[in-house]
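# Inside the fold
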Amino acid sequence: MRMITFFLIGLTVHVVFFLSIFDIYFTSPLVHGMTPQATLLEPPASRLVLMVADGLRADSLFTLLPNGSSRAPFMRNIIETRGTWGVSHTRVPTESRPGHVALIAGFYEDVSAVAKGWKENPVEFDSVFNESRHTWSWGSPDILPMFAKGATGSHVYTHTYPAVEEDFASTDASRLDSWVFAQVKSFFDSAKYNSSLNATLHEDKNVFFLHLLGLDTNGHAHRPMSQEYLNNIGLVDAGVSELVSMVEDFFGHDGKTAYVFTSDHGMTNWGSHGAGHPSETLTPLVVWGAGVSRPVAVTEPQTFSDGYLKDWNLEHVRRVDVNQADIAPLMASLIGVNFPVNSVGVLPLRYLNNSKRFKAESMYTNAIQVLEQYKVKMIQKKETTLSLLFTPYQYLTDSEQAERVNQIRIMFQLEKYEDVISLCQSLISHSLKGLVYYHTYDRFFLGCSVVLGFVGWTSYVVLVILKTHASLNRNPNLTKQISSFHLSRLCVVVALLIAMFLFIQRSPLTYYIYCLLPVPVWYSVLKEFGTLVNLVHSAPSLPLWKCLGYFVLVAFGIELLVVSFFHRAMLSVGLAALSLWPFLSEVFEKAKVRSMSWFLSCLCLAVFPLLPVVGREPNLHLVSCAGLLALFTSFCFLWSSRRRTPLHHSETRLLLIQMIHVAVCAFVPSLTHSSLQQKRGLPLLSQIISWTTLGSSILIPLLSSTRLFHRLLSILLSLTATYLLLSTGSEALFPPALSWLMFVWIKMEQEALLTQRVSGRQELSTVDFAANIDITKIRQLKLDDIRRSYFFVFFIITAFFGTGNIASINSFDPASVYCFLTVFNPFIMGGLMMWKVIIPFIIVMCTFEAIQVTTQLSSRSLFLIVLVISDIMALHFFFMVQDYGSWLDIGTSISHYVIVMSMTIFLMILSVVTHILTSQRLVLWRKSKIHYP
């Protein structure tokens, strides 16, 4: 199979494996066709005011100042004298969109939908706003429009400020909250003189929503412990106090207004959110007004796992914790609207101050609303599954549903409302478990199909390696033991049976892909059966003990890499082990100085995985030092190589210009952050330098010489300049340290060739990436090439995790992109942070390209081994997902699987990009003449 064909097939297979995880674990939980449910009794409130302080942590609001006073005195007074309070527990990902969906719609949005946009709905869903008579909302253009678009009719009104106002470099982002409060005040003032609006406001089932983004913006820009963030809490508290007074005056203190104050997510000490740290998942909830319980004094100790009550000095007031989705049915119950049909929240009764009958009716409404979802989900799954194969949820069959609902109605007739509530809570619990059961009904079936395809693909790659790149004793009589004709017919029959089965079950199109993919994969494996037979016949001539030793070492090494995804320190252990490689082989005897350099560079790089991933304070002096270090090493290299490989004046001038550019970029972050700290905004010059550097980072190296080390130096300087602009501290030192190790690795592999007695070894100073490769010098794979491939995978993982944990959203510091932009834009910011992660990846890729050239190996041969190693890791994570029970653990393993699969896809794509980056000249722009065997 030609290289390009193999590349395209491999890329397609891996994209399918990558997307499969989303179909198996991240499908939308929403179903449609349910009958809306509402409590028929008179609701306690005519209107609801919902205030969401975006990014507000529970401890930041509740903790007292050192002098014993509160930074939010109004909310403190509400907690102690007028309302009910607690902590709202959010779910990962702790981002604004899923947080607001949980609050207002009552369900936890599918993770894949979050990436589809902040302003539009990937799926239509019901919400409290949609069920209200009218909803007026003020706040961010990133949040408000999605609830207006999702509503039926035109009864949801939005008032937003321009997106450009969400600027992390602003003098004080609390002005966003001031804008909201001012707009609400102006709205109610105008209603006094607008009879039509006044009449509309006095209708029932109205909602007023205030989205307060200032805290989130100040937290990102200045950290949650900053004075700006803490002062913003005081501003919000004062604004809420004034708002409540204004609303009560407007409605004549009729006692028909309910107030809910909460947050969509918290924030870490280092100003980020998205993961599952308690500072992100614990948010405040304070509810008061019509229909809400007043404070309940507590004399006995209250036990909560977070242990914050004593710090907050609130042990004497009953704390009522909820899941974030529980707030939606609470709001619906207070104003008497339909419960959102997709809500999975459970009504928190201890927040309600009403009769037992009202509580029982509300809980019954909640139970029927959740049960309706369960019924629709069960019918959908039953219709798409063969009756003989369908296994219903045993705890809530049709007869069980009827019996439970009948029991509840009997308890209503007997006016045993406590029993009604208990039965309803049990019904809700079973309905939610049943929803999960049917939502994950096909998970095992799809997982088996993906695993079957995965194992088949890996087996095929191994057989290709053995067939085309290994020296096996080939017996022509054994290579065609299985007839291709009969094998083809068998595979066609199997494919038709699978397709027929899926068609009868009315399965989605993606199911056909996952289930049919293993058929051609295993067909290819069985066609190569003769290669496996050749391996068996060649076994007596192979160094079995050496092969077994390599197998054990690689298996141990892969396991170490898997563990490193959960514990970054294992990378340091691995680097320490790798540093001993020359001393355990013959290399040390032939190159003592280079061996010691390898040893020291491995240990230097091993320091980075031991540094904290998050919570680091910015240290821009280290960024400047990293730039100077890159300049010093570049200058030393140019000075030492001026005689051995003299460059043309234009090429030398280009490298000197790149070095000057690195020096400039080393000091741009300091100037930028200094300007931001002084509230002078983002300097235009910094933006121009940053975006120009980013745009030219790949193009500039194409102008340099294609000599091995000169081209690598040009790539390093270009990428380092961009990396410095995206750095805020010690991570800026990572590319120089990694590049030192990569430089030594190339040298060490040359020495390793001598120990293997490979003839025709080139001097590194004479290697040219763009030169023609003599195919006759391309050698077969040796056992030591497995080590080279493993080193590459290890260094790729180290490049990914060396300075952070990319599996955790909150490990990214938003300050990293301030040289480029400060106005909130999640996709551009995410893209810049992703590019920062990829830069070390490209450095390792270019080094591996150099090693393939200098060790006289085809790109395909080493790449196939790398593919096998990465696929084994991905398969390992796929199995780990099946073993975990909690959503957080499953999410972690899924994220690791996605990372490995993304890494493999990147490897396949960037192998071509890297080849162009190393071997092409922009001035010539000619096709490379390198041919793959």
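Residues numbered from 1 in each chain as written. Predicted model: local features only at pLDDT ≥ 70, side-chain atom pairs only at ≥ 80, totals over all residues. Heavy atoms only, no water.

## What to know about the overall build of the chain
Helix and strand counts for the chain come out as 35 helices and eight strands. Sorting the 933 residues of the chain into buried and exposed places 57% on the buried side. Contacts in the chain between residues at least 24 apart in sequence constitute 80% of all its contacts with a sequence separation of at least 6. For the chain, the accessible surface area stands at approximately 38500 Å², while carbon and sulfur atoms represent 62% of it. (Helix = DSSP H or I, 4+ residues; strand = E, 2+ residues; numbered from the N terminus. Buried < 20%, exposed > 50% of the residue type's maximum accessible area, 1.4 Å probe, protein only. Contact = heavy atoms within 4.5 Å. Areas by Shrake-Rupley, 256 points an atom, 1.4 Å probe, with all protein chains shown as cover.)

## Description of the pattern of salt bridges
The final tally for this structure, using the stated rule, is 19 salt bridges. Between R76 and E80 there is a salt bridge whose closest N-O contact spans 3.6 Å. Here R76 pairs with E80, and both are found in helix α3 (residues 73-81), just four residues apart, close to one helical turn. Since its relative accessible area comes to 36%, E80 is described here as partly exposed. Between R787 and E749 there is a salt bridge, with its nearest N and O atoms 2.9 Å apart. Highlighted residues: R787 in helix α32 (residues 783-801) and E749 in helix α31 (residues 734-755), separated in sequence by 38 residues. (Salt bridge = Lys/Arg side-chain N within 4 Å of Asp/Glu carboxyl O.)

## Let's talk about unusual backbone geometry
What you tend to see is this: most non-glycine residues have negative phi, and most peptide bonds are trans. Residue P93 is reached from V92 by a cis peptide bond, and omega for that bond is 0°. Take P93: it is sitting in the loop between β2 (84-89) and α4 (96-105). Unusually for a residue other than glycine, N313 sits at a positive phi of about 60°. Within the secondary structure, N313 is located in the loop between α13 (309-312) and β8 (322-323). In this structure N313 comes out as partly exposed when scored by relative accessible area, which is 41%.

## Some points on the sheet that holds β2
Here eight strands make up an open sheet; going across it, the order is β4-β3-β5-β1-β6-β7-β2-β8 and the pairing mixed. Each having just a single partner strand, β4 (156-160) and β8 make up the two edges of the open sheet. When strand β1 (residues 47-53) meets strand β6 (residues 257-262), the two strands line up parallel, connected through six bridges. By the bridge assignment for β6, M51 is matched with F261. Contacting β3 (134-139), β4 and β5 (206-212), helix α8 (residues 175-191) crosses the sheet at an angle of about 155° to β5. (Pairing = 2+ DSSP bridges. Axes fitted to C-alpha atoms, helices over the stretch in contact; angles between N-to-C directions.)

## With respect to the packing of aromatic side chains
According to the stated counting rule, one finds 50 aromatic pairs in the structure shown. Considering the side-chain rings of Y438 and Y441, the 6.3 Å spacing of their centres and the 25° angle between planes classify their relative orientation as stacked. Given the relative accessible area of 19%, Y441 is considered buried. Judged by centre distance (6.3 Å) and plane angle (45°), the ring pair of Y790 and F794 falls under tilted. On the criterion of helical spacing, the pair formed by Y790 and F794 is a turn pair, its members being four residues apart in helix α32. Neither Y790 nor F794 differs from the other in exposure class; each is buried. Linked through ring pairs, W136, W138, Y157, F187, F188, F208, F250 and F251 together constitute an aromatic cluster. (Phe/Tyr/Trp six-rings, centres within 6.5 Å; stacked < 30°, edge-to-face > 60°.)

## A closer look at the nonpolar core
Counting residues in each nonpolar core, the largest one holds 154 residues, and the members touching the most others are W598, F792 and F795. The leading source of residues in this core is helix α33 (residues 826-854), at 17 residues. Once residues within four sequence positions are removed from consideration, F792 is found in contact with W745, V844, M845, F848, V866 and L907. Counting residues in each nonpolar core, the second largest holds 67 residues, with L50, M146, L349 and F412 among its members. (Core = buried A, V, L, I, M, F, W, Y, C linked by side-chain atoms within 4.5 Å.)

## Observations regarding the confidence of the model for the chain
This prediction gives the chain a mean pLDDT of 85; 88% of its residues lie at or above 70. Confidence drops under a pLDDT of 50 for residues 884-888, and excluding neighbours within four residues, the segment shows 10 contacts in the predicted structure. When the criterion is pLDDT under 50, residues 924-933 qualifies, and its contacts beyond four places in sequence or with other chains add up to 19 contacts. (pLDDT = per-residue confidence, 0-100.)

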